[in-house]
Amino acid sequence: VWESAVIETTSLRSRAEQVLLGNRLEHSTKPSPSLYPHQWMWDSCFIAVGYSTFDGALARSEIRSLLRGQWSNGMVPQIIFNPASSGYFPGPDRWQSGRSPYAPENVQTSGITQPPLLAIAARAVIEREPDAGIARSFAAEVFPAITRYHEFLYRERDPDDSGLVTVVHPWESGLDNSPPYLDAGSRVELSYKPEYHRLDTAHVAARNRPTDKDYDLFIWLLEQMRDAEYDWSRYLPEAQLQVQDVLFNSVLCRANDDLAWIARYLEESDATARSWRDKTAAAIINSLRDEESGLFFSRDRRTGELLRQVTISSLMPLFAVQLEDGISQPPVDALADPALFDASGYRCPTTAISSSWFNPQNYWLGPVWINTNWMLRQGLLAHGCANQADAVRRDSLELVEKSGFREYFDPITGEGYGTDSFSWSAALTLDLLSVA
Ligand code: 2M8
């Protein structure tokens, strides 16, 4: 039994490496062979973590390629388009990022960002690099760029100086059709019906993807931002969708901690990164925590109300920062609650089972995703919950072993959905295998 377990692990590892190498483009790695044929920001951060387990040079090039797309105002874009790929909508012609004076000239990108995992990925890549000279020069190269990215987020996206960054498009949240965005989105009044032709449903069954109504919202919002030339001081005062997102800000909080680590590693001051971290941590606890349930929710910046939909994001402050016992307990307890996240199958559904939106087969409305499990596991470990963390790790590995490196998985049956050969499922499998 022991021997076969070792062989299984070895083969899982080599299959995961093959997925990443198979999805390589010239400078970076695409999330999947055909559904997502460009470079995505948070995908590449997870991918870099995966590469760091077996090829530091590829890990560094993944992050460098993201920074090639950085705008002169500091924004790191959600998508860096690969000129040789077509078949994804919306492409560069719809985004027209060149309307902004800050967009790079020789690289085509989208006009928004994604959960800011760069510092988290960069730290992992630096820590795993055996050659101290290489690690140090990479740290010195990326530190100023990542600092400028965080400066952008606080300067352009936190006009109230609240410590919480505002997300302006469901695609920025990474959890595109998650219930809080369906809620906030239902209040957006589309002034016209946008014209477009979806390409995603040519690759994946429509029942596993966002609806046409969701896409109307996504494209209409894109066109509003484009018309404002991606100038956030002009766009934000009128923007109909503005969310102080709990997952995005939790990632930012943790990224500040890792940015502070990189600063100390380079023997530079970590004061700015630490003060950002402390401010965002306090704001998450004081402004995004629901007193009654003890869970966390994103806040609709337009109405001022919490978007009280229980999703995986409600637990993400565990990943952000060290919480006091009384504050960490409700999210930890929610994991074992059959009405919330215990589906008697695989941990951890992305939308609570009792939610009226819960759908175990549709995208971010219920399936298990390996990236949210990866963050949750770290958050649980940081809060002394080793058994729960191990259970999340085990379930993640069981899912990819049983169903392959699919994009997402049914939390009850374990069946895989969405694209196959999905890069971050493979990359984070490599990381989870390496921390055993
Ligand atoms: C999904 O989002 C893209 C738009 O960014 C799409 O549906 O076309 C999300 O799961 C997102 O989190 C992810 O980064 C992206 C690529 O894997 O796909």
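Whatever comes next refers back to the structure up there.
Rules used in this analysis
- Residues numbered from 1 in each chain as written.
- Predicted model: local features only at pLDDT ≥ 70, side-chain atom pairs only at ≥ 80, totals over all residues.
- Heavy atoms only, no water.
- Core = buried A, V, L, I, M, F, W, Y, C linked by side-chain atoms within 4.5 Å.
- Buried < 20%, exposed > 50% of the residue type's maximum accessible area, 1.4 Å probe, protein only.
- Helix = DSSP H or I, 4+ residues; strand = E, 2+ residues; numbered from the N terminus.
- Contact = heavy atoms within 4.5 Å.
- Polar contact = N/O pair within 3.5 Å; in protein donor to acceptor, adjacent residues only side chain to side chain.
- Near = heavy atom within 4 Å.
- Areas by Shrake-Rupley, 256 points an atom, 1.4 Å probe, with all protein chains shown as cover.
- Nonpolar A, V, L, I, M, F, W, Y, C, P; charged D, E, K, R; others polar.

## Considerations on the nonpolar core
In step 1: Of all hydrophobic cores here, the largest spans 146 residues; its most connected members are Ile63, Leu118 and Leu376.
In step 2: Looking at which element gives the most residues to this core, the answer is helix H11 (residues 246-265), with 12 residues.
In step 3: Setting aside residues no more than four positions away along its own chain, Leu118 makes contact with Met41, Cys45, Ile63, Leu66, Leu67, Val76, Ile146 and Tyr149.

## Quick notes on the environment of Gln78
In step 1: One can find Gln78 in the loop between helix H3 (56-68) and strand S2 (79-80).
In step 2: Residue classification places Gln78 among the buried residues on the basis of a relative accessible area of 2%.
In step 3: C-alpha of Gln78 to C-alpha of Gly111: the two residues are 33 residues apart in sequence and 7.5 Å apart in space.
In step 4: Contact partners of Gln78, with chain neighbours within four places excluded, come to Gln39, Trp40, Met41, Trp95, Ser110, Ile112, Thr113, Gln114 and Trp171.
In step 5: Reaching out from Gln78, the side chain makes a polar contact with the side chain of Ser110 at a distance of 2.8 Å.

## Looking at the site of the ligand
In step 1: Taken together, 17 residues are adjacent to the ligand, and Asp43, Tyr88, Gly174, Asp176 and Tyr363 come closest.
In step 2: A distance of 2.9 Å separates an oxygen atom of the ligand from a polar atom in the side chain of Trp42.
In step 3: Residue Gly174 places a main-chain N or O atom 2.6 Å away from an oxygen atom belonging to the ligand.
In step 4: Compared with its free state, where it exposes 420 Å², the ligand has 100% of that area covered by protein.
In step 5: Here the residues of the shell around the ligand are counted per class, giving 11 nonpolar, three polar and three charged.

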